[in-house]
Amino acid sequence: MSYDLLLRGGTVIDPSQGLHAPRDVAISGDAIAAVAEQIPESQAARVVNVTGKLVTPGLIDAHCHVFYGVGIGCIADTDCLLRGTTTVVEGGAPGTGSFAGFRKYVAEPSRTRVFAEVNLSTVGMVDLKWSEFAAFNHVDVDAAIRCVEENRDIVIGIKLRVSAPIVGGNPFLYLKAARQAADAAGTKLVVHIGESVASVPEILPYFKAGDMLVHCFTGRRHGILDGKGHVHDAVWGAHEAGVLFDSSSGGNHFSFDVTRKAIEQGFLPDIISTDITMPTAKDPRFHMPLMMTRHLALGMTMDQVVQASTVNPARALDRVPKLGTLQVGAPADVTVLDLEEGEWLLPDTEGQEMTVTRRFEPALTVLKGSVVREPN
Ligand SMILES: [Zn+2]
């Protein structure tokens, strides 16, 4: 036998190599061994027929909350992996004071690949009724730098939420501290927007290439659109300069209206993510494929949607060679999706609804060469 596992008969969508075509995918051990038009079944120890399904690199959820037992964290292995996501990035629930616990009890034991942003706050997101900056002395730049240095294998950035209920009337004070920590530690600045006292053009000067702006399609005050519904010039400028925009939805941050207007103007999110938490995870259909469905319905192409859910976030987190691709030698993380046709009514987070006629559903997930979710 040449291969351990063969996914036969599917349509591969791998934007990292401009591939969207019928292909078989063969896996040996924990790596992609071959992607070709016809791979004989006799060459594989196990064959899974995925005819009629889409085969993509394992989905990467670049913003979710999986610090289980702390605040609103859900469970990566059940709430993400079993819904088609093979890699997650915890979006800043752990503060510098709780990061060691996150590492030992979540990141290390999880089967899912787990990365994280560390909150600029020492406390982190423990109780959403209270700001993580209830006291300004929860900002500790030195602790943030140390936390990044000690956990560089899994920490991809320093997280700051600039909404008024979190940082009050002076987001710049916090942006300055987070910028300073990110620069000193040599990591990304990751900023959650919406409901801030400062507009996006006012906060963008704190960003550098590779930094991430999260919730870019928020319907709350101070999003990426100006008063006339146009994408701010400063947003275009930052995007061209290499700032990454993540449309992370969650339960509060996704307006169909804003998303549609942005996409119509040619502004596409670099990254699609869920912002899944314990409350949103209660709906078994809250997952990366749902986020992809929304963006497809709002004007992105299938290849663009897959790109923003695989290779783009993989490049942003930049920890595992060839992650987010199905190139030979890449990690054998594969998501198989059904593209169902019908009529479904989907809500956004602003009280609007839309009817979609196509939706992605997770069918089979392969992580590090092992099948973790069987086909429907
Ligand atoms: Zn979040």
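Residues numbered from 1 in each chain as written. Predicted model: local features only at pLDDT ≥ 70, side-chain atom pairs only at ≥ 80, totals over all residues.

Caption draft 1: Seen up close, helix α2 (residues 99–107). Those residues of α2 not exposed but buried are Phe99, Phe102, Val106 and Ala107. On an axial view of α2, the arc spanned by its buried residues comes to 70°, and they lie on one face. Contacts from the buried residues of α2 go to β9 (85–91), β10 (113–119) and α3 (141–150). (Buried ≥ 20, exposed ≤ 12 C-beta atoms within 10 Å, placed from the backbone. Helix = DSSP H or I, 4+ residues; strand = E, 2+ residues; numbered from the N terminus. Arc of directions from axis to C-beta. Contact = placed C-beta atoms within 7 Å.)

Caption draft 2: Highlighting the environment of Gly101. Tracing the backbone through its elements, the reader meets Gly101 in helix α2. Judged by the 13 C-beta atoms lying within 10 Å of it, Gly101 falls in the partly exposed class. Here the alpha-carbon distance between Gly101 and Phe67, two residues 34 residues apart in the chain, equals 9.1 Å.

Caption draft 3: Here's a closer look at the sheet that holds strand β5 (residues 31–36). Spatially, the four strands line up as an open sheet ordered β5-β4-β1-β6, and their pairing is mixed. Since the sheet does not close on itself, it has two edges, and those belong to β5 and β6 (44–49), each with one partner. Along the sheet, successive strands turn relative to each other by an average axial angle of 20°, direction set aside. (Pairing = 2+ DSSP bridges. Axes fitted to C-alpha atoms, helices over the stretch in contact; angles between N-to-C directions.)

Caption draft 4: Summary view of the domain arrangement of the protein. Each assigned domain of the protein is listed with its residue range as follows: domain 1 (3–56 + 328–350 + 361–369) and domain 2 (59–317). Summarising the inter-unit geometry, the C-alpha centres of domain 1 and domain 2 are found 27 Å apart. Taken residue by residue, the interface counts 16 residues in domain 1 and 23 residues in domain 2. At the level of elements, β15 (334–347) and β16 (353–367) are the ones that each hand at least two residues to the side of domain 1 that touches domain 2. Ranked by the residues each element gives to the side of domain 1 that touches domain 2, the list is headed by β16, at four residues. When its residues are assigned to classes, the side of domain 1 that touches domain 2 shows six nonpolar, six polar and four charged. (Domains from an automatic or database assignment. Nonpolar A, V, L, I, M, F, W, Y, C, P; charged D, E, K, R; others polar.)

Caption draft 5: Quick peek at the pairing of strand β2 (residues 11–14). With four bridges joining them, β2 and strand β3 (residues 19–22) adopt antiparallel strand pairing. Looking at the pairing, Thr11 lines up with Pro22 of β3. Following β2, the chain reverses through four residues before pairing antiparallel with β3; Gly18 in that reversal takes a positive phi of roughly 60°. As defined by bridge partners, β2 adjoins strand β7 (residues 54–57) across two bridges and the pair is classed as parallel. The residue of β7 that forms the bridge with Val12 is Val55.

Caption draft 6: Local environment of the packing of α3 against helix α5 (residues 171–185). For the pair α3 and α5, the least separation of the axes is 9 Å and the interaxial angle reads 35°. Note that α3 runs across α5; the crossing there is right-handed. On the side of α3, the interface is formed by Val141, Ala144, Ile145, Val148 and Glu149, while α5 contributes Ala177, Gln180, Ala181, Ala184 and Ala185. Grouping the amino acids of the contact of α3 with α5 by side-chain chemistry returns eight nonpolar, one polar and one charged. (Left-handed = near helix turned anticlockwise from the far one by under 90°.)

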